[in-house]
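Survey of secondary and tertiary structure
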Amino acid sequence: VPYNSLVAPEDLDKVRAVRWDGGGLLLLDQRLLPGKVRYLNLRNAGAVAQAIAEMAVRGAPAIGICAAYGVVLAIRDRYARNPSTWRRDVEADVELLGRARPTAVNLRWALERMTSRIAACSGGNPYRELLQEAEAIHLEDIQANRRMGALGAALIEGPCQVLTHCNTGSLATGGYGTALGVIRSAYAERNVTRVFVDETRPWLQGARLTAWELAADGIPATVLVDAAAAHLLRRGAVSWVIVGADRVTANGDVANKIGTYGLAVLCRYHKVPLMVVAPSSTIDLRVEHGAAIPIEERDPAEVLFCAGRRVTPEVEAINPAFDVTPADLVDVLVTERGVVLRPSAAKIHGLFDESARSA
Ligand code: MRU
């Protein structure tokens, strides 16, 4: 795609949430953003599992990448303790990491890839080989995001304004981002002029994280309360709604941050196209449809309290972290393997068959 502007997409990607520093995992603590930029220094698999569960790191691809590095830390410990039983010993760590969060399939995907690599290890100290695998997972994710950025941006005719939900940027991935990667690329091509950012209650991934990334890149951003999206769409202010995914099932149903389904319904009513951007590590061919996706229920306190202060009387709250958008409501699914218009089971399978043929 020729860029006819002064902004290069590589200049629009300034943050790395996950870094391997040679001895351990440096993780940007996303709970403190945008107020404080502080990296956690994690030295064992248990600490990585805890960081994922407590949302110091979040976003489907970033969770998978961290889990892969978590396996590297586990192997380092287990091999040092007992070089003859490490393969069996490390299974408990893989299981612990796998339980950290239930919805994003990238976690299972990354752990299965690391487990296959363990099975292929010839002998001797496995640390180097496993570190290389984790680094490959990390690098491939950034490459997939760049590719999706170009593919998705090619669909956007501008100049126009878009709306996004949650955080799908450099913080949520290995770098660049999924939906936010498309937005970055389309901004670089001068086809996106402004990004409306849903605040994304209760964790405020939009207000705290997406707004922070966009501000760092100098991309015009406007934050709104989630409930204001309908009003904006009705007024014709938004040409595309662009979101990421935590799991896409074999028929094209999409689990993503709570509120995505509502946006999808709004999009169809207002004839605004919905673009879902997700790498193939987010596609789960083993699950046929969205009703079978485990949806994480988080602590009601996240809803009952706001910035440490209780905002409700003594009542109950529900706190589903994700919802499922039926494939019917998705206009475009962008993956690094290609673009799927109006996803269906046949088209999703075709995506994998075609790539296998051309590989
Ligand atoms: O609970 P979170 O913050 O981990 O949820 C993240 C999302 O729902 C994102 O939209 C999704 O992981 C795609 S990120 C590239």
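See the structure shown above.
None of these values were measured; they are calculated from a predicted model.

Definitions and cut-offs
- Residues numbered from 1 in each chain as written.
- Predicted model: local features only at pLDDT ≥ 70, side-chain atom pairs only at ≥ 80, totals over all residues.
- Heavy atoms only, no water.
- Pairing = 2+ DSSP bridges.
- Helix = DSSP H or I, 4+ residues; strand = E, 2+ residues; numbered from the N terminus.
- Right-handed = clockwise from strand over helix to strand, strands pointing away.
- Axes fitted to C-alpha atoms, helices over the stretch in contact; angles between N-to-C directions.
- Near = heavy atom within 4 Å.
- Polar contact = N/O pair within 3.5 Å; in protein donor to acceptor, adjacent residues only side chain to side chain.
- Areas by Shrake-Rupley, 256 points an atom, 1.4 Å probe, with all protein chains shown as cover.
- Parallel < 35°, antiparallel > 145°, perpendicular 65-115°, else oblique.
- Contact = heavy atoms within 4.5 Å.
- Nonpolar A, V, L, I, M, F, W, Y, C, P; charged D, E, K, R; others polar.

1. Focus on the pairing of strand β6 (residues 221-224)
- Here strand β5 (residues 192-198) runs beside β6; their pairing, made up of 4 bridges, is parallel. Paired with Asp198 across the bridge in β6 is Leu224.
- Handedness of the crossover joining β5 and β6 through helix α7 (residues 205-217) is recorded here as right-handed.

2. Quick look at the sheet that holds strand β2 (residues 25-28)
- The strand order across the open sheet built from 3 strands is β1-β2-β3, with neighbouring strands paired in antiparallel fashion. Only two strands of the sheet have a single neighbouring strand rather than two, namely β1 (18-20) and β3 (39-42). Neighbour to neighbour, the strand axes of the sheet diverge by 25° on average, direction disregarded.
- Direction of pairing for β2 relative to β3: antiparallel, over a ladder of 4 bridges. If you follow Leu27 over to β3, its bridge partner there is Leu40.

3. Quick notes on the site of the ligand
- Neighbouring residues of the ligand: 18 residues in total, closest Arg58, Arg101, Asp246, Asn256 and Lys257.
- With respect to the ligand, the backbone of Ala60 contributes an N or O atom lying 2.8 Å from an oxygen atom.
- Between the ligand and Gln205 there is a distance of 2.8 Å, counted from an oxygen atom to a side-chain nitrogen or oxygen.
- Protein contacts shield 100% of the accessible area of the ligand, which totals 420 Å² for the unbound molecule.
- Secondary-structure elements contributing two or more residues to the shell around the ligand are α2 (60-81) and β9 (254-257).

4. Side note on the packing of helix α3 (residues 86-98) against helix α4 (residues 106-120)
- Packing of α3 against α4 leaves a shortest axis separation of 10 Å and a crossing angle of 175°. With respect to each other, α3 and α4 are oriented roughly antiparallel. Between α3 and α4, the residues in contact are Trp86, Arg87, Val90, Val94, Leu97 and Gly98 and Leu107, Leu111, Thr115, Ile118 and Ala119, respectively.
- Residues of the contact of α3 with α4, tallied by class, amount to 8 nonpolar, 2 polar and 1 charged.

5. Describing unusual backbone geometry
- In this structure, Pro159 follows Gly158 across a cis peptide bond, with omega equal to 0°.
- Tracing the backbone shows Pro159 in the loop between α5 (127-153) and β4 (160-164).
- Here the bond from Arg201 into Pro202 is cis, since omega is 0°, no more than 30 degrees from zero.
- As for its placement among the helices and strands, Pro202 is situated in the loop between β5 and α7.
- Although it is not a glycine, Arg190 sits at a positive phi angle of roughly 65°.
- Within the fold, Arg190 resides in the loop between α6 (179-188) and β5.
- In this structure, Lys271 is a non-glycine residue whose phi angle is positive, near 55°.
- Position of Lys271 relative to the elements: it lies in the loop between α9 (260-270) and β10 (274-277).

It is worth stressing that arrangement in space is one thing and function is another; only the former is reported here.
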